[in-house]
Amino acid sequence: MFAGVDWSMELMLQCITYMYRYSTETTHNFESTLDWLHEHACSRQYGLGTKIPWDQQYLIESLSDSTIYMAYYTVCHLLQGGVLDGSQPAKYGIRPEQLTTAVWNYVFFGGTPPQDSGIPEEALQDLRREFLYWYPLDLRVSGKDLVPNHLTYFLYNHVAIWPKPTREESTTDNRCWWPKAVRSNGHLLLNSEKMSKSTGNFLTMVQAVERFSADGTRLALADAGDTQEDANFVFSMADAGLLRLYSQIEWTKEMMDVKGTLRNSPQSDYTYLDRVFESEINNAIKLTNQSYSHMLFREAMKAGFYDLQSARDRYRDLTVVGGGMNWDLVNKFIKVQALLLAPICPHTCEQIWELIEETGSIMQARWPALLGDGTVNEVAIEAVHHLIKVTHEFRVRLKKMLEMKAKSATFKKPSYGIVYVAQRYPDWQVVILKMLRSLYDEENNSLPPNDEILGHLKNEESLKKVFKKVMPFVQHIKRMLPEGRASALEEVTRFNEKEVLENFSTYIVRALELEEVWIEDVEKSTDKKIKEDCIPGKPMSVFVSEPQKPFCKVTASNPQVGSGYFSYPMTVYDGDTVARVIDRIKRRAGVAGSLPVTLWMHKDPEVSTRRIPSLDYQQNLCEVPQSDVFSLKEDKLRIGSKIVGDQLLYTVPLSET
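Here is a short report on the structure shown in this document. (Residues numbered from 1 in each chain as written. Predicted model: local features only at pLDDT ≥ 70, side-chain atom pairs only at ≥ 80, totals over all residues. Heavy atoms only, no water.)

## Remarks on the pairing of strand E16 (residues 630-633)
It is a general feature of regular strands that their side chains alternate between the two faces of the sheet.
And step 1. Bridge count for E16 against strand E17 (residues 636-639) is four bridges, and the pairing is antiparallel. Bridging from a neighbouring strand, Phe-630 pairs with Ile-639 of E17.
And step 2. Between the antiparallel neighbours E16 and E17 lie two residues, among them Glu-634 with a positive phi of about 55°. (Pairing = 2+ DSSP bridges. Helix = DSSP H or I, 4+ residues; strand = E, 2+ residues; numbered from the N terminus.)

## Points about the pattern of salt bridges
And step 1. One pass over the structure, following the stated rule, counts 29 salt bridges.
And step 2. Here Glu-280 ties to Arg-314 by a salt bridge, and the two come within 3.0 Å at their closest N and O atoms. Remark: Arg-314 occurs in helix H12 (residues 297-318) and Glu-280 occurs in helix H11 (residues 272-293); sequence separation between them is 34 residues.
And step 3. With a relative accessible area of 9%, Glu-280 lands in the buried category.
And step 4. You can call Arg-314 buried: its relative accessible area is 15%.
And step 5. In this structure, Arg-494 and Glu-382 form a salt bridge, with 2.6 Å as the shortest nitrogen-oxygen distance. Pair noted here: Arg-494 is in the loop between helix H18 (467-484) and helix H19 (497-503) and Glu-382 is in helix H15 (residues 378-405), with a separation of 112 residues, a long-range link.
And step 6. Within this structure, Arg-312, Asp-313, Arg-316 and Asp-317 form a network of salt bridges that share partners. (Salt bridge = Lys/Arg side-chain N within 4 Å of Asp/Glu carboxyl O. Buried < 20%, exposed > 50% of the residue type's maximum accessible area, 1.4 Å probe, protein only.)

## Here we look at the nonpolar core
Nonpolar side chains in soluble globular proteins generally cluster together in the buried interior.
And step 1. In terms of nonpolar packing, the biggest core is built from 68 residues, with Ile-281 and Met-301 touching the most fellow members.
And step 2. With ten residues, helix H13 (residues 327-341) is the largest single contributor of residues to this core.
And step 3. Listed in part, the 38 residues of the second largest apolar core include Val-103, Ala-123, Trp-178 and Val-182. (Core = buried A, V, L, I, M, F, W, Y, C linked by side-chain atoms within 4.5 Å.)

## Some thoughts on unusual backbone geometry
And step 1. The step from Tyr-135 to Pro-136 runs through a cis peptide bond, and the omega angle for that step is 5°.
And step 2. Here Pro-136 shows up in the loop between helix H7 (121-134) and strand E4 (140-143).
And step 3. A positive phi angle is found at Glu-513, which is not glycine, with a value near 60°.
And step 4. Mapping Glu-513 onto the fold places it in the loop between helix H20 (505-512) and strand E10 (516-521).
And step 5. Of the residues examined, Glu-513 reaches a relative accessible area of 71% and is grouped as exposed.
And step 6. The phi torsion at Asp-635 lies on the positive side, around 60°, for a residue other than glycine.
And step 7. Checked against the element boundaries, Asp-635 lands in the loop between E16 and E17.
And step 8. Judged by its relative accessible area of 78%, Asp-635 falls in the exposed class.

Any link to function would need more than the numbers given here.
Below, the structure written as structure tokens:
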């Protein structure tokens, strides 16, 4: 078609590079089409179409004749009066025969309005103004099967009719008129099979809405797939998505009912977990915005709905032992989630918007602003994700152990756990990590094939004694890449792993349903295999039936009259923090996780325990600071240098019970 035209191939490649293509597959399809389409005939002798001006016996080939109709759309309302067939008079009463080549040249290219067209200059200027307002084309969306034909002609004709201007050209509007973006998509499968009326695997839009609701259908379509791969609308996924939307509405109602009982701290008083959750919300806002901008609706749902809900669940579970969720942050989460989801599920989000008593419609609300200072603490998020992941691994390991040994007559169910943590990799693994860092492809977040990696490592002298372990370690690092990216290749974790596990040891204890868990450096282990297998980011756990630290037995008593809390025997271990002892008391006494507990000790343990109880119990007690640590010295339980005795006391705010 464009054979012999010197500019066509060069300008077409420039056009493809200039516009946004959304996927590499679209780029490759366009480039491969250019290699063979340049000889395609531009005319035919039969069918509907426009006759070639210089030879009326031929018609312009249909694809060549219909691929700049969007330029006509910019002015059609002024020519057709809003009626498709043009049967009604338009604003200026312009007739088809008046639309000469000179008129279209002015509308599309500017210059001086033609004087001999019979069209008023005001009308011509209005046509030109409309074209300038709407063009160039921002986005063209079509099926992937049209890239080798219709969409390529669409680009060819734009390049031929509107050459890219240069800085030297003196035009009234020196913008580039080429399309700004082309988005090609795959076809739609239904339950992983091609839709077909003959087989019955078919679903109309009306049927989908009746079965899954409008929002449920929209969510399932958004989650069906992006890019050029065929999207897959799956009934089970649509049902699950609909249930999630319902659960979000019900959870919002529940939060509105109990908001008065939740902690309500301003941003200046946020806890560590509050700030992590705030970072997760900010991260969701950023990623969802990026995904919507690139028309990646599945990714938008992943970041703004599914992943953000998982972040909320983590926040809820982890704060059980730390005073509960913060209403200030929960309210922000509900609002942000509704705004992120509104483009896909507007009806559900409108209902949630009303539930949280926001004014106006969510359709008029602005895109959510980033919370706080807008930062995303990736290291803190990574640390919390790591905590959740390893706790799950510990739980799976403990379950397998119980299943394997439960039938043994001598087996005692473990009540304690020891988690060994490595601060750095062994020397031979450091050698491998250095090599992998040199081979790492940051853009694709990938490493070369194993054969290539092995070729680089096989001559390393320091690896010969452990060569059987080399490739398993490489595979372990590769598995960590998708989540950790380049940080998976570092010799230490980006966060202090031992500190994180120690700070949340009470969460691990509750998750594993154990009496106590201790976090230790791997050097303290006497097990050779544990020392070999334990590396940064991969702690090892051991479960035992006997305590691994010195301890003493005390009684935890509640002195509040009519509180409903009683006295319980409990164990305090050498090195226990006050927070760990309080969590043990809360579990034993059944105190709600969000209720604060204050720990007390007798000023004089020898005398106070022999006194008659008094309503003014605090006169003989002193509060134990949260920062204190218990120790066992000379078989006596102490806080600092003070002897605790055999009784601790705890109080709970009765007004909140």
